Each structure stands twice: as C-alpha cells, then as structure tokens.
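Observations on the three-dimensional arrangement
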Amino acid sequence: MVMGLTTFLQARRDAAELGEGVWRRAHDRFRRGLDRFHQILERLPEGEVLEQTIPLANELADLLPRVRAVAAAAQAAAPSSSTDVPASRDGRWSELHRALSKAGNAVAQCAEALAMMRCGGACASGCAKADAVSRRVAAVVEQVAAAEALLPGREQPQPAAPALPAPADSAA
C-alpha cells in the first residue's frame, strides 16, 4: 500500500513540475533508459568489468537530477501539454528538446552496449570492454550539457568571429 501511495505522489509531483507534454516525455525516456542500464548492470558477473562499469553507472545516475531540472525549467518557461514542441523565434525549444531526446537515446545506447558487453559481443577478446560503454556515457554527458546550455538565462555560445588580417605596415 505504501508503494502505491509513493508512486501516486511521485506521479502528481512529476505532473506539477514536468507537465504532460514533451518535457515530461523527454525526462521519462531518459529515466527509462537509465533504469534499463541498471537492470543490465545488476546481471553482470562479479569481476573487473563490473568494477569498471560501476563508476559509469554512477555518472549516468548523477545526470538524472540535471535532466529533471532542465525539463522542469523548460516546462516553466515554455509549457507543453501535447506532443508539440513549443514554438520560439530562435528555435531554442526545438534545440533543447532535441538535446534531451538525444540524451535519452544515448542512455538507451549505453544500456545496449552494456548488454552486448555482457553477452561477449562488444569486441574481440583482449580489448577493453568498458570502452564502448564509456564512449556512450560521454555522449550522454555531452547532450545533457548541451540541453543545460540552451536554458533561458544561460549564455548562448556565439560563433567565433573570423580572424582579421593584421594591418599592413606602411612604414616598410
């Protein structure tokens, strides 16, 4: 009974903070991928591979509050209650949603890489099996950072100005 109440209260909190639209769905996709990653991790046999993978799992888990904060901030700034990404003049919300979606997909790819590693299909024997998972975790971190950078109030990276040639010395 307590578990049912906890689930109910969490669902109400999620609806209040994340809405029912694209921001909630992006957050939930990320969370499901993370849950799947941990389910596969629990099935890894004890040993070196598990020890190499646990810090990666912790790194992914540490991203969930950041993803939630991004989704909640996006919902507060551009509420969504449907499958349509809110419009913006500069395309910010589309880019933000794209970054969150890529992060969710990258977490799912992490779980896939971990499953392949568990089955022995990640690479030929003798290679560092955790490298494939590590590369995918880095992609997740990159996408979450990109989403955070797109939040209102964050400085947008400006394209670098082209370098101007040095003025010619007229005294020569």
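Scope of this entry: the structure provided in the associated data block. (Residues numbered from 1 in each chain as written. Predicted model: local features only at pLDDT ≥ 70, side-chain atom pairs only at ≥ 80, totals over all residues. Heavy atoms only, no water.)

Observations regarding the overall build of the chain
A tally of helices and strands in the chain yields 5 helices and 0 strands. Start at the N end of the chain and walk to the C end: the helices and strands fall as α-α-α-α-α. Per-residue burial over the chain gives 35% buried out of 172 residues. About 10600 Å² of surface is accessible on the chain, with carbon and sulfur atoms providing 55% of the total. (Helix = DSSP H or I, 4+ residues; strand = E, 2+ residues; numbered from the N terminus. Buried < 20%, exposed > 50% of the residue type's maximum accessible area, 1.4 Å probe, protein only. Areas by Shrake-Rupley, 256 points an atom, 1.4 Å probe, with all protein chains shown as cover.)

Concerning the nonpolar core
Leu 60, Leu 96 and Val 140 are the most contacted members of the largest nonpolar core, which has 40 residues in total. Element by element, the count of residues in this core is highest for helix α4 (residues 92–119), at 12 residues. Apart from residues lying up to four places away in sequence, Val 140 is in contact with Phe 30, Leu 60, Leu 63, Ala 103, Ala 106, Val 107 and Cys 110. (Core = buried A, V, L, I, M, F, W, Y, C linked by side-chain atoms within 4.5 Å. Contact = heavy atoms within 4.5 Å.)

Some thoughts on the packing of aromatic side chains
If you walk through the whole model with that rule in mind, you get 1 aromatic pair. An angle of 70° between the planes, with centres 6.1 Å apart, marks the rings of Trp 23 and Trp 93 as edge-to-face. With a gap of 70 residues between them, Trp 23 in helix α2 (residues 22–42) and Trp 93 in helix α4 connect regions that are remote in the sequence. As far as burial versus exposure is concerned, Trp 23 and Trp 93 are alike and both buried. (Phe/Tyr/Trp six-rings, centres within 6.5 Å; stacked < 30°, edge-to-face > 60°.)

Some details on the pattern of salt bridges
Summed over all chains, the structure comprises 6 salt bridges. The partner of Asp 28 in a salt bridge is Arg 24, with the nearest N and O atoms 3.1 Å apart. Placement of both Asp 28 and Arg 24 in helix α2 is noted, with a separation of 4 residues, approximately one turn of the helix. Using a relative accessible area of 13% as the deciding quantity, one classes Asp 28 as buried. (Salt bridge = Lys/Arg side-chain N within 4 Å of Asp/Glu carboxyl O.)

A look at the side chain of Gln 75
Residue placement: Gln 75 occurs in helix α3 (residues 48–77). Looking at Gln 75, the relative accessible area reads 13%, which means it is buried. Not counting residues up to four positions away in its chain, the partners in contact with Gln 75 are Glu 17, Leu 18, Gly 19, Trp 23 and Ser 80.

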